[in-house]
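Structure assessment
Residues per chain are reported as follows:
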There are 2 protein chains.
Amino acid sequence: MAQITLQDLAYELNISVSTVSKALKGYPDVSEKTRKLVIELADKLNFSPNVVASNLRTQHTKIIGVIVPTIVHHFFSNVIGGIINEAEKNGYMVILLQSNEDFEMEKKQLNLLVQQQVDGILISLTVETKNFEHLERIQQRGIPLVMYDKVAKAIDCSKVIIDDKKASYDAVSYLIRKGYKRIAYFGGSMVALNFSNRFLGYKQALEEYRIPFDDSLVYICDTSDEYNDGYNNASELIKKHGIIGVDAAFAVTDVIAVGITKYFNTHNISIPKDVAVFGFSNWFMSSVVTPPLSTVNQPGYEMGKKSIEILLKEIAQSKDKKEIVHERIVLPTTLEIRQST
Amino acid sequence: MAQITLQDLAYELNISVSTVSKALKGYPDVSEKTRKLVIELADKLNFSPNVVASNLRTQHTKIIGVIVPTIVHHFFSNVIGGIINEAEKNGYMVILLQSNEDFEMEKKQLNLLVQQQVDGILISLTVETKNFEHLERIQQRGIPLVMYDKVAKAIDCSKVIIDDKKASYDAVSYLIRKGYKRIAYFGGSMVALNFSNRFLGYKQALEEYRIPFDDSLVYICDTSDEYNDGYNNASELIKKHGIIGVDAAFAVTDVIAVGITKYFNTHNISIPKDVAVFGFSNWFMSSVVTPPLSTVNQPGYEMGKKSIEILLKEIAQSKDKKEIVHERIVLPTTLEIRQST
DNA sequence: TTGTAGGCGTTATCAC
DNA sequence: GTGATAACGCCTACAA
């Protein structure tokens, strides 16, 4: 079934293609009568404009590219939801790509997006990303770029993040103020900036409240199997310190915290009486485990929404050749206190 | 920063545009020497072909459109993951749209995808979708269309689904064989085909094992607040039947089941001793609640993967003008038996 | 082996 | 108010 084009309409009505085009786009300089005629026929024939032709002509695609480390992830799927909803409201569509935390993939995908002539790019970096030439190349091309969640300091562009250090500082301070003194830390690979910042927040809180930092309370979990690693490390923790050597555990993700919870629950360690547990992210799950988990509320949807808002603004600015000023948005996190602390 | 084009390369090398094009695309009829020259220069200048121009010319975009009811949903984000991974492996990109269970949105989005000249469309229908003209129009246009999860019988296209009726029949049969006789049903709106099928499976199992169907054991939960509605309906259930009038609850989603679990846990009703609980979907969460939930394993990733495999096949067939034969894939579900039953 | 030329469907400029 | 014409950047017969 051949697509029907402006030409077909023009031919049918015995007018020129340009008039048809103008009529359809509501240009003022076409008579009411012909406009009606055109629109009627277009409707009747179910005309659907070919946007790739239009894109070629107008030099923009109304498509934005989004790269995300992993889609199947409560936080990121929220981000994506925020991005897509907001994009659509503004007449943009989203091409979604998943880097799987693979640096080479990230580079390749950025190229694909460039070739696709996307109007802008939203990216959360992989953990591996230490070299930023591919990102610089995007900027040299003049394609607006906004980073979210996992960002690169070295690149001068708008960024939307949370303050990981502060968030974990807040959580740990809360624990301390509640009277907990021996607070274990369950982290993820320090290679990831987010995680190392959360560690910094942990240490800062200890310091500020003059609680000695104890290396033996720090456990690093494998991020690819957080639940079981949380469980196993909780077991290690208790083996080493017993129930009296530790009174709280701060985990850097909810899944780790849930693993810890599981271990405690199955080994007659009462939460929070024997040991309190604090998570990070506020996944739905954290509200339904027993006991419900105190956690850091990480605003994924807002992060997506804000990111694309900024991107869209920069796209507009760059089209108008206005100077674009980069923003750095730090979204507030809050503590969701439940029964585990 | 102006994009660099084939013309620029041609000019620079003093050869024709078509030779450059051929060289870049590895055509056999260009000399080794010029090919090298071209590729070198392209690399040096960081040339990136404009695929929208190419798309216009070749009449395909290597983009497929995906419409999903909701992104922030464990099952669907798995589906999306499967789609995107498989698409990328085959050189396709994905435009992701979210219908939010809104029929008008669905129609509009389908139009957007048509205008965008996507090579194919993957869709899971909204609950509201009772009229299928918009889908027929897609097919009239000759755009390959595959439906997954929520499909329309009336439309003749490939479909990838699970057998909801059988899955719930299996679950309930399992309960019966385990000795449970008073099995409550916690469903979702019967307007949704998936849910009404699950209800049918429930009834079929009862029938087959000659257990009388009892209306008062059926509870319909509000799908927009499953957790609380599961909780509240569990309360209703116990209010009406007490602990002796019911010995199991089959819920049509894991979230409902978790709500039920919560109610039982907080009201000293022992799972599974007093009442067993069975869920549906096998979200991660179901494995970490207390007690771990028996549930139906619903293969989201595979559904996405299979859907796009079929779509890609049909795209190829339609390009080759081969006759395309529609498939109907019913992905197997399994029972994940844990400690709640 | 290389080049010429036409066209994909739309939009924008400029004449009429 | 309308229409002719020239791009946008690439691909591909076909010709040289």
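Here the structure is a predicted model, which means the values were calculated and not measured.

**Remarks on the overall build of chain A**
- Per the secondary structure count, chain A includes 13 helices and 12 strands.
- Oriented by its inertia axes, the alpha-carbon framework of chain A measures out at about 90 × 40 × 30 Å.
- Partitioning the contacts of chain A with sequence separation of at least 6, the portion at a separation of at least 24 is 71%.
- Surface accessibility of chain A: about 15,000 Å² in total, with carbon and sulfur atoms responsible for 51%.
- Of the charged side chains in chain A, 38 are positive and 40 negative; the average position of the first set lies 3 Å away from that of the second.

**Topic: the domain arrangement of chain A**
- You can read the domains of chain A as domain 1 (6-49), domain 2 (59-162 + 300-332) and domain 3 (164-297).
- A separation of 37 Å is found between the C-alpha centroids of domain 1 of chain A and domain 2 of chain A.

**Focus on the interface of chain A and chain B**
- In this assembly, 54 residues from chain A lie in contact with 54 residues from chain B.
- Of the roughly 4,900 Å² buried between chain A and chain B, counting both surfaces, carbon and sulfur atoms make up 59%.
- Summed over the three residues of chain A that lose the most area to chain B, namely Glu88(A), Met93(A) and Arg141(A), the buried surface amounts to 14% of that side.
- Connecting chain A to chain B are 0 salt bridges.
- Joining chain A to chain B, the criterion identifies 8 residue pairs in polar contact (both at pLDDT 80 or more).
- Broken down by secondary-structure element, the contributors of at least two residues to the side of chain A that touches chain B are helix H4 (51-58), helix H5 (74-89), strand E2 (93-98), helix H6 (103-115), helix H7 (133-140), helix H11 (254-266) and helix H12 (284-288) of chain A.
- Partitioning the side of chain A that touches chain B into residue classes produces 29 nonpolar, 20 polar and 5 charged.

**With respect to the pairing of strand E8 (residues 248-251) of chain B**
All names here are of chain B.
- Residue alternation in E8 divides its side chains into two sets, Ala248 and Phe250 and Ala249 and Ala251, and both sets are buried.
- Inspection of the sheet shows strand E6 (residues 183-187) paired to E8 by 4 bridges, in the parallel sense. Bridging across to E8, Ala184 finds its partner in Ala249.
- Pairing between E8 and strand E9 (residues 276-281): 3 bridges, direction parallel. From the neighbouring strand, Ala248 faces E9, where its bridge partner is Ala276.
- Assessed by its sense of winding, the connection that carries the chain from E8 through helix H11 (residues 254-266) to E9 is right-handed.

**Side note on the protein's contact with DNA strand C**
- In the neighbourhood of DNA strand C, 27 residues make up the surrounding shell, with Arg57(A), Ser18(B), Lys22(B), Asp29(B) and Arg57(B) lying closest.
- Considering DNA strand C, the proportion of its atoms within 4 Å of the protein that are sugar or phosphate atoms stands at 62%.
- The side chain of Ser18(B) places a nitrogen or oxygen atom 3.1 Å from a base oxygen of DNA strand C.
- One of the side-chain N or O atoms of Arg57(B) is found 2.9 Å from a base nitrogen in DNA strand C.
- Elements represented by at least two residues in the surface near DNA strand C include exactly helix H2 (17-24) and H4 of chain A together with helix H2 (17-24) and helix H4 (51-58) of chain B.

Cut-offs and rules
- Residues numbered from 1 in each chain as written.
- Chains lettered and ligands numbered in written order.
- Predicted model: local features only at pLDDT ≥ 70, side-chain atom pairs only at ≥ 80, totals over all residues.
- Heavy atoms only, no water.
- Helix = DSSP H or I, 4+ residues; strand = E, 2+ residues; numbered from the N terminus.
- Contact = heavy atoms within 4.5 Å.
- Areas by Shrake-Rupley, 256 points an atom, 1.4 Å probe, with all protein chains shown as cover.
- Lys, Arg positive; Asp, Glu negative; His and termini not counted.
- Charge placed at Lys NZ, Arg CZ, Asp CG, Glu CD.
- Domains from an automatic or database assignment.
- Buried area = accessible area lost by both parts, 1.4 Å probe.
- Salt bridge = Lys/Arg side-chain N within 4 Å of Asp/Glu carboxyl O.
- Polar contact = N/O pair within 3.5 Å; in protein donor to acceptor, adjacent residues only side chain to side chain.
- Nonpolar A, V, L, I, M, F, W, Y, C, P; charged D, E, K, R; others polar.
- Buried < 20%, exposed > 50% of the residue type's maximum accessible area, 1.4 Å probe, protein only.
- Pairing = 2+ DSSP bridges.
- Right-handed = clockwise from strand over helix to strand, strands pointing away.
- Near = heavy atom within 4 Å.

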